[in-house]
Amino acid sequence: MNFDGPRGGALRAFVDFAVEETSAPDSPPDDLRGISCIVCAYNEADRIRNILDVIVGHPALTEVIVVNDGSTDETEALIRSYPTIRVLSHTPNRGKTYALSRGIAAARCDHLMLLDADLSGVAPADIDALAAPVMRGEAEVSISLRSNSLWLYRQLGLDFVSGERVVPKRLLKGAVEAMQRLPRWGGEVFMNEIFIRQGCRIAVVRWRRVLNIRKYQKVGAWRGALAEAKMIADATRVLTPVGLVTQNLRMLKLVNGRSWRSRVMGMFAQRATYWGR
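Residues numbered from 1 in each chain as written. Predicted model: local features only at pLDDT ≥ 70, side-chain atom pairs only at ≥ 80, totals over all residues. Heavy atoms only, no water.

A.B. asks: Hey, could you run me through the environment of Arg33 in this one?
C.D. replies: Residue placement: Arg33 occurs in strand β1 (residues 32-41). Along the backbone, Arg33 and Arg108 are 75 residues apart, and their C-alpha atoms lie at a distance of 8.7 Å. (Helix = DSSP H or I, 4+ residues; strand = E, 2+ residues; numbered from the N terminus.)

Right, dumping it as structure tokens:
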């Protein structure tokens, strides 16, 4: 199921359809003005309070939706202890991309904030910072850059697979069916392709005190490494490795109008300055 190669036609058609849907009016009559915050959770009972205590009741958010993706621990009971959260639940576990598609379909507002459930160090000001560029009209999409994003991403100034994003709902409303047919971890790469097709201005928001809990910290070294490998494999089922590199370079052009070449040269200039001291 790649965009590239002999099997690329079907998934490319999904993206084309999703992009065509964005030509409709920005806000259908039944959409509220505001932000629907969507969190997808699978067995996050030990961690999810870190984010829920920040977003529930946050003035920048009109509603909070948590999708319980087949959890087998106490995640759902914990979520339901917050009476204002809209809870969507399904079994068995079907992966983040499917869970995201359910949240997007259920959202009532004209903008979406997508957040991972395993964040640490998030403060209310971080939510404001992620929302601000889009809500002020400075960009169509905002993406977080966490303190523990990969070193290369931090140097380039963009985490291509960050789970924290603010997006107009119109960009993704036509993608729900396609996302439900994607691999478990293919959602961010698929969304990126839509942003590129639409030429969206992207704002990167640096979350200097925020990090996500790595898989090995949740389930141990071996199971964590296997889970990370599966995520990479899913991304390469959506785009080939060459396609992923190409997508990343094209995404960089959408960030503040800087080309990927200027970002790479800037990265090496910083390193040269450091070692020349």
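Here the narrative resumes, following the displayed structure.
A.B. asks: How should I be thinking about the nonpolar core in this particular structure?
C.D. replies: The nonpolar side chains of a soluble globular protein tend to be buried, and buried together. One finds Ile38 and Val141 to be the most contacted residues of the largest nonpolar core, which totals 41 residues. Those residues in contact with Ile38 that lie beyond four places of it in its chain are Ile65, Val67, Leu100, Gly103, Ile104, Ala107, Leu112, Met113, Leu114 and Leu115. One finds Ile35, Val39, Leu61 and Leu115 within the second-largest nonpolar core, a separate group that totals 30 residues. (Core = buried A, V, L, I, M, F, W, Y, C linked by side-chain atoms within 4.5 Å. Buried < 20%, exposed > 50% of the residue type's maximum accessible area, 1.4 Å probe, protein only. Contact = heavy atoms within 4.5 Å.)

A.B. asks: Even after reading the chapter, I still don't get the packing of helix α9 (residues 187-198) against helix α12 (residues 241-253), so can you show me in this structure?
C.D. replies: Two packed helices can be described by the angle between their axes and the distance between those axes. One can describe the packing of α9 onto α12 by two numbers: an axis separation of 10 Å at closest approach and a directional angle of 50°. Taken together, α9 and α12 sit at an angle that is classed as oblique. Of the two possible hands of crossing, α9 and α12 adopt the one that is left-handed. Of the residues in α12, those in contact with Val189, Asn192, Glu193 and Ile196 of α9 are Leu244, Gln247, Arg250 and Met251. Residue classes in the contact of α9 with α12 are distributed as four nonpolar, two polar and two charged. (Axes fitted to C-alpha atoms, helices over the stretch in contact; angles between N-to-C directions. Parallel < 35°, antiparallel > 145°, perpendicular 65-115°, else oblique. Left-handed = near helix turned anticlockwise from the far one by under 90°. Nonpolar A, V, L, I, M, F, W, Y, C, P; charged D, E, K, R; others polar.)

A.B. asks: It is not clear to me how helix α5 (residues 124-135) should be interpreted in this structure. Could you clarify?
C.D. replies: Turn by turn, an α-helix covers 3.6 residues, leaving residues three or four places apart pointing in a common direction. Here α5 contains twelve residues, and its C-alpha end-to-end distance of 16 Å stays within 8% of the 16 Å for a straight helix at 1.5 Å per residue. Within α5 the residues assigned to the buried category are Asp126, Ile127, Leu130, Ala131, Ala132, Pro133 and Val134. Check the buried side of α5 and you find it contacts β1, α2 (49-55), β4 (109-116), β6 (141-146), β7 (165-168) and β8 (202-207). Within two residues after α5, Gly137 carries a phi angle of roughly 80°, on the positive side. (Expected span 1.5 Å × (residues − 1).)

A.B. asks: Would you take a moment to explain the packing of aromatic side chains for this structure?
C.D. replies: Each aromatic ring pair is summarised here by two numbers: the centre-to-centre distance and the angle between the ring planes. Inspection of the entire model under this criterion finds one aromatic pair. On the basis of an interplanar angle of 80° and a centroid distance of 5.3 Å, the ring pair of Tyr153 and Phe160 is categorised as edge-to-face. Residue class for Tyr153 comes out buried when judged on its relative accessible area of 15%. A relative accessible area of 2% places Phe160 in the buried class. Stacked on the ring of Tyr98, the Lys or Arg Arg94 has its end atom at 3.8 Å from the ring centre. (Phe/Tyr/Trp six-rings, centres within 6.5 Å; stacked < 30°, edge-to-face > 60°. Lys NZ or Arg CZ within 6 Å of the ring centre and 35° of its normal.)

A.B. asks: So what exactly am I meant to see when it comes to the confidence of the model for the protein here?
C.D. replies: A low pLDDT score tells you not to read the predicted coordinates there in detail. When pLDDT is averaged along the protein, the result is 83; 73% of the residues meet or exceed 70. Here residues 3-10 is modelled with pLDDT under 50, and outside its nearest four sequence neighbours on either side it reaches 15 contacts, counting other chains as well. Note that pLDDT drops below 50 for residues 270-277; the model gives that stretch two contacts with residues more than four away or on any other chain. (pLDDT = per-residue confidence, 0-100.)

A.B. asks: Would you take a moment to explain the environment of Ile127 for this structure?
C.D. replies: Note that Ile127 resides in helix α5. The exposure class of Ile127 is buried, given its relative accessible area of 0%. Taking the C-alpha atoms as reference, Ile127 lies 9.8 Å from Glu164; in sequence the two are 37 residues apart. Look past the residues within four positions of Ile127 in its chain and what remains in contact with it is Val54, Ile55, His58, Leu61, Met113, Leu115 and Val122.

A.B. asks: How should unusual backbone geometry be read in this particular structure?
C.D. replies: The phi angle of most residues is negative, glycine excepted, and most peptide bonds adopt the trans form. The omega torsion of the bond from Thr91 to Pro92 falls at -5°, within 30 degrees of zero and hence cis. Locating Pro92 in the fold gives a position in the loop between β3 (86-90) and α4 (96-106). With a phi close to 50°, Asn43 is a non-glycine residue in the positive phi region. Here Asn43 shows up in the loop between β1 and α2. With relative accessibility at 21%, the residue Asn43 sits in the partly exposed group.

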